[in-house]
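Per-entry structural report
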Amino acid sequence: MEPVKSGLRITISGTVQGVGFRPFVWRLARSHQLIGSVQNSPQGVNIEAWGEPSQLTLFTQRLSLEAPPLAEIIALNSQPIHFASPLSSFEILPSSRGHVSTLATDDVALCEACVAEIFDRDNRRFRYPFTNCTECGPRLSIIRRLPYDRDNTSMQPFSQCQECLAEYHEPRDRRFHAQPNCCSHCGPRLWLQPAVFDAELPQNDVIALAAQLLQEGKLLAIKSLGGFRLTCSALNEEAVARLRTCKHRPDKPLALMARNLAMVADYALVSDAEKIALRSTVNPIVLLKRLANTELAKSIAPDQNHLGFMLPGTALEHILLADLDVPLVMTSGNVSGEVQIIDNVIAQRDLAEAVDFFLLHDRDIVRRLDDSVVRVLPEPMTIRRARGLCGKRLPLPTSLNAAIPVLAMGADLKNTFCLVRQDGALLSSHMGDLADGGTVLRFKEFIADYLALYGNSPKWIAVDQHRDYVSTQIGQQLALELGCRVFAVQHHHAHVAAVMAEHNINQDEQVLGVVFDGLGMGVDGELWGGEFLLANYRTFKRFARLQPVPLPGGARAMKEPWRNLLAHLEVAGLSMELKGLANSLACMERLTDYRSEILLQAVKRGLNSPMASSCGRLFDAVAAALCVGPETITFEGQAALLLENTAQSEFDRVFDHYPVNIKVGAHLNQVEWRAFWQALFLDLQRGVNKTIIAAKFHRTLIAITMQALILQRSKTAVNKVVLAGGVFQNTLLLRGLRENLMQTGFEIFAAEKLPCHDGGLAFGQAMIALSVPGDK
Amino acid sequence: MSQMFCYPDTPLDFVDGVVEMNHGSGGRAMAQLIDSVFLVAFQETSKWSKNDFAELHLPPGRCVMSTDSYVISPLFFPGGDIGSLAVHGTINDLAMSGARPLYLSVGFILEEGLPLADLKKIALSMAKAAADAGVAIVTGDTKVVERGKGDGVFINTTGLGVIEGQIDAAGNRARPGDSIIVSGTVGDHGIAIMTQREGLKFESSLCSDSAALHGLVALMVETFGPYIHCLRDPTRGGVAAVLNEVAQQSEVGMVLTEAAIPIKKMVAGACELLGLDPLFIANEGKLLCFCESEVAESLLAVMRSHPLGRDAANIGTVVLKDPGMVLVETAMGGSRLLDWPLGEPLPRIC
């Protein structure tokens, strides 16, 4: 007897396009003897299936349980169908059109099957640099618009050859509907050319030639997945120094790429968890503990305890690195102050003086995507959220109602912006600093691109309360253009909200937020940066702060750590007393010349010396006291990073700290510095080792935080602690605080998937905007 | 003439005397003040009349008028004082149209307690500045406010001039491709005032650049008038304010080369130490010129032949893209956006 057939219409939303979902459905349906169809829709995937009821049930269950690794199902709904199947087998139908609510997925590191193919002499993709399949390859970097079909990507100009087409249409093939599918016959072409003159180079195996040039110490600009990269041998000091000069990047560590884990292990310690991170589909730069005395060029990461390593992520990188027995420097290809270049013509215009050769190809990079940077502590820490990560939807806290689309603008440094839709938030890729002319001019284009790609038209725009931020000004302009309401969010509140939302903290819940960062505008018009907030998403109250200290010369104080020491000692009333040490203490020498005299006068007159309760500047002041780092830093956080490195060796042996003095006020407690500086300078005069003083400083900050939190818990019974702000990239501080807080019974929440610094701020801004009730 | 009214019994005391409330009352004390200070100062060089108006004869040409009020602390500074500043400032405003300045009016608001010696010094300084510039101060007004309600003295000057040459300069006339020329070092005035006011003891001293620019402008107009699209004096808000204004009014972008901007070592050093951007600092004897690039080099040569244009330099270009935006290409090879100045000459802090 013919079994009874019933039908189901199943709609699935989430990350289900471009991840091999339809072939998966096709295979699953066939294994359960179902007939019907599967189809990409703007909302996700639609399935109509008919078969035996028990088989249909099993099929539905297995859909979510066995979905491909890159897929992420947000919702799966099924309804019975009361008519018979129009089809006699199970088919994959062309995409339907309509309002877009699906997601563009991230670029994925080359899968093992593809890696095997490009190194297999007998495979038709042997050494083909644009190899990929449904499990891997480019996505966000080539997508012009959704839905994700080849015609909507920069693969559109490349028509597949017969062999590729056969793979593309064969449901059993790994390349079934792999949109960027191609081979050397029909796909993008790679070529090598000298930077200055137009000489013909042999083009039969350009990757081997490029490898040879790199080995010889040449500088190359390579068109990579998400943008141009500058590269050279990491063992060749001359080449690295040249690269630093032309990038105007004197000190900031450079990222490295090694061909495999074994080579990484020649230069750095790699834990199992770090190995997993390095080999993940995200293909990030992972910060690793550096080994001493390697052959690495000195200027790769001067004075740093860590190295940033990544493994090859594309077929091109796999082939290039396989031909080399040295690691490569891999840094974004741009002239300083400009965004990473993605275009051949601009690269040849702007980088011609910097490099010797260009390794170019003819597939457009649609969207600029920097490399992501992570650490494993063992908790994950995201330092830059970009390629491989930024396409992931961030779930909203379950209690927040996202009925209204919000665009949050972020801050000016390490900018990311955030779009909120009903199904989650999208935090943009790392945009760079809006202090840079090139980034500012393109910022609106970037936002327009995201809005168009995700079909988002915001009703609200959340901006930082700092009215002079470029991001705030552009947010206000956009609000006028799009007819949106503007909502200004306090900087440090947004930091707290971002971490709260990452951990799905409930809307009604209060937390004790510890926000340590450089600077942000406070509600009182002063600059904040060392704040203790009692907060929920909607509101906050500051219950304690670090003692405000002037910034002599304003923004200049962010570049020159010694200015902060000068100001700290002045506020602590110790300048006069310590002047006498000019001949015995190196740090005081600097603080007694005529420039310091003038600056102190400027501070007294209130001339460009705004007050700031900044924790970042405290780190600068201590670094200056210990003469750690240069007089003028060349990248943000440099002095603090060097101070952390100095403390590293003693941190787990030193548990005492300098005096903690919290002045209790009626509305606001304040951490005061006089006793701290007196004790620190006493150590300096006694000749106590820098490493110990640096460790004691870290312990002091931990003790301060503990005391402030315990005091507040006794008043409010709030037990959840959120650690937020860029200073928490400091792993000693973070680990030490975690340990202490745990022992004292606090629940701890810190940023993991999002950066703790301003790169995660937009997410928090959006959450605060969502929490405001009423008509949006 | 000085004997025609009955003054108070004693002459004004220019050693210890101060401005009193009755000096603004309209009575004898006021008449005495006007006669012994302003009339003495201005009658030699100007056609000062004691009427409440002045009758003027204008040569043919387009007539230009401009007014500005001067508020500055300290009143006396290296390179000038509020008096010379009030003359130069309004002359320069007229000159930026390409006009030849002819007449000034002056209004004083004096604070009770201002030393009469200072007032006399200021009046004489104004007279000298006007005489040097060939401009007549033709009418004026005096008011006195109570102690604490003024900063010593405020001065308003209004000027009249006539455009005789071939020039049509305006803020909306900058065109893509134009060269941007500055007539000399930037930031001198603002830094000179600031160091004096705040008591900052730098190793070397600095003078304000306060000067009347119409002579330089006349030379420029005579040689290349039709090629000049816009002239502006970068006073309050500095070069940054002018460039942003012109970029917005003309709907063009601008790209500056930081290394080409002339700046005195002392000013650069002070700015770096105090964290100030010299492009935001006020000038009182400099102009910015937007001209067709073909004539830029020749115009520069002409400007450099004039004492007030010795350090003139081509500092950038007007561009089509990114209208309203002013970019500075930094010495480091990067670029930054030159935004509108904030309220004070302070940099933004992120």
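The notes below deal with the structure included here. The shown structure was predicted, so the numbers you read here are calculated from the model rather than taken from an experiment.

On a plain count of helices and strands, chain B comes out with 8 helices and 13 strands. Taking 350 residues into account, the globule formula puts the C-alpha radius of gyration at 20 Å, and chain B, at 22 Å, falls close to it. Viewed in the frame of its principal axes, chain B has a C-alpha envelope of about 70 × 50 × 30 Å. Here the analysis covers contacts within chain B between residues at least 6 apart in sequence; of these, 86% occur between residues at least 24 apart.

Turning next to the packing of aromatic side chains. Residue and element names in this part refer to chain A. Taken as a whole and assessed by the stated rule, the structure comprises 21 aromatic pairs over all chains. Aromatic side chains Phe 417 and Phe 443 sit 6.0 Å apart centroid to centroid with 80° between the ring planes, which places their arrangement in the edge-to-face category. Taken together, the residues span a long stretch of sequence, with Phe 417 in the loop between β17 (406-408) and β18 (418-421) and Phe 443 in helix α11 (residues 437-453) at a distance of 26 residues. Judged by its relative accessible area of 0%, Phe 417 falls in the buried class. Seen in terms of ring centroids, Trp 677 and Phe 681 are 6.2 Å apart; in terms of plane orientation they differ by 50°. Their pairing is tilted.

A separate point is the pattern of salt bridges. Residues and elements named next belong to chain A. Per the counting criterion, the structure on display carries 57 salt bridges over all chains. Residue Glu 317 pairs with Arg 229 through a salt bridge whose shortest N-O separation is 2.9 Å. One end of the pair, Glu 317, is in helix α9 (residues 315-322); the other, Arg 229, is in strand β8 (residues 228-233), and 88 residues separate them in sequence. By relative accessible area, Glu 317 is classed as buried at 5%. As a salt-bridge pair, Arg 595 and Glu 631 come within 3.5 Å of each other at their nearest N and O atoms. Of this pair, Arg 595 sits in helix α17 (residues 594-604) while Glu 631 sits in the loop between α18 (615-625) and α19 (638-651), and the two are 36 residues apart along the sequence. Ionic contacts of the salt-bridge type, sharing partners, join the residues Arg 124, Arg 125, Glu 163 and Glu 167 into one network.

This next bit is on the packing of α18(A) against helix α20 (residues 674-686) of chain A. All names here are of chain A. Two elements in contact, α18 and α20, have axes separated by 11 Å at closest approach and are oriented at 25°. Considered as vectors, α18 and α20 are oriented roughly parallel to each other. Considering the relative orientation of α18 and α20, their crossing is right-handed. Seen from α18, the contacting residues are Leu 618, Ala 621, Val 622 and Ala 625; seen from α20, they are Phe 676, Trp 677, Leu 680, Phe 681 and Leu 684. Split by residue class, the contact of α18 with α20 holds 9 nonpolar, no polar and no charged.

All names here are of chain B. Spatially, the 4 strands line up as an open sheet ordered β1-β6-β4-β5, and their pairing is mixed. Every interior strand has two partners, whereas the edge strands, β1 (62-70) and β5 (136-145), have only one. Neighbour-to-neighbour, the strand axes of the sheet open up by a mean angle of 15°, direction not taken into account. Bridge count between strand β4 (residues 100-111) and β5: 9 bridges; the pairing is parallel. In the strand pairing of β5, Tyr 103 is matched with Ala 136.

So, on to the pairing of strand β10 (residues 288-291) of chain B. Regular strands place their side chains on alternate faces of the sheet. All names here are of chain B. Of the two faces of β10, both are covered, the one formed by Leu 288 and Phe 290 as well as the one formed by Cys 289 and Cys 291. Summarising the sheet, strand β7 (residues 179-182) and β10 pair through 4 bridges and their orientation is antiparallel. Bridged to Ile 180 within β10 is Phe 290. Two strands pair when backbone bridges link them, and strand β8 (residues 228-232) and β10 are joined in this way by 4 bridges, in the antiparallel orientation. By the bridge assignment, Arg 232 is partnered in β10 with Leu 288.

All names here are of chain A. As summarised here, the arrangement of the 5 strands in space is β19-β18-β17-β20-β21, forming an open sheet in which the pairing is mixed. At either end of the open sheet lies a strand with only one pairing partner, and these are β19 (424-427) and β21 (485-489). Averaged over all adjacent pairs, the angle separating strand axes in this sheet is 20°, with direction ignored. The sheet contact formed by strand β20 (residues 460-464) and β21 spans 5 bridges and is parallel. Paired with Val 463 across the strands is Ala 488, a residue of β21. Most of the contacts of helix α12 (residues 470-482) go to β20, to which it runs at about 165°, and overall it touches β17, β20 and β21.

Across all of its chains, the model carries 7 cavities of 30 Å³ or more by this definition. Taken as a whole, the largest cavity encloses approximately 210 Å³ of empty space. In terms of residue class, the lining of the largest cavity is made up of 10 nonpolar, 8 polar and 3 charged. Estimated volume of the second largest cavity: approximately 110 Å³. Of the residues assigned to the lining of the second largest cavity, the class counts are 7 nonpolar, 7 polar and 2 charged.

Take the environment of Arg442(A) next. Residues and elements named next belong to chain A. For Arg 442, the location among the structural elements is in helix α11. Using a relative accessible area of 21% as the deciding quantity, one classes Arg 442 as partly exposed. Side-chain polar atoms of Arg 442 contact the backbone oxygen of Gly 438, separated by 2.8 Å.

Calculation notes
- Residues numbered from 1 in each chain as written.
- Chains lettered and ligands numbered in written order.
- Predicted model: local features only at pLDDT ≥ 70, side-chain atom pairs only at ≥ 80, totals over all residues.
- Heavy atoms only, no water.
- Helix = DSSP H or I, 4+ residues; strand = E, 2+ residues; numbered from the N terminus.
- Rg over C-alpha atoms; globule rule 2.2 N^0.38 Å.
- Contact = heavy atoms within 4.5 Å.
- Phe/Tyr/Trp six-rings, centres within 6.5 Å; stacked < 30°, edge-to-face > 60°.
- Buried < 20%, exposed > 50% of the residue type's maximum accessible area, 1.4 Å probe, protein only.
- Salt bridge = Lys/Arg side-chain N within 4 Å of Asp/Glu carboxyl O.
- Axes fitted to C-alpha atoms, helices over the stretch in contact; angles between N-to-C directions.
- Parallel < 35°, antiparallel > 145°, perpendicular 65-115°, else oblique.
- Left-handed = near helix turned anticlockwise from the far one by under 90°.
- Nonpolar A, V, L, I, M, F, W, Y, C, P; charged D, E, K, R; others polar.
- Pairing = 2+ DSSP bridges.
- 1 Å grid on protein atoms, 1.4 Å probe; cavity = no way out; pocket = protein on both sides within 12 Å on 5 of 7 lines; lining within 4 Å.
- Points joined across faces, edges and corners; volume = space filled by probe spheres on them.
- Polar contact = N/O pair within 3.5 Å; in protein donor to acceptor, adjacent residues only side chain to side chain.

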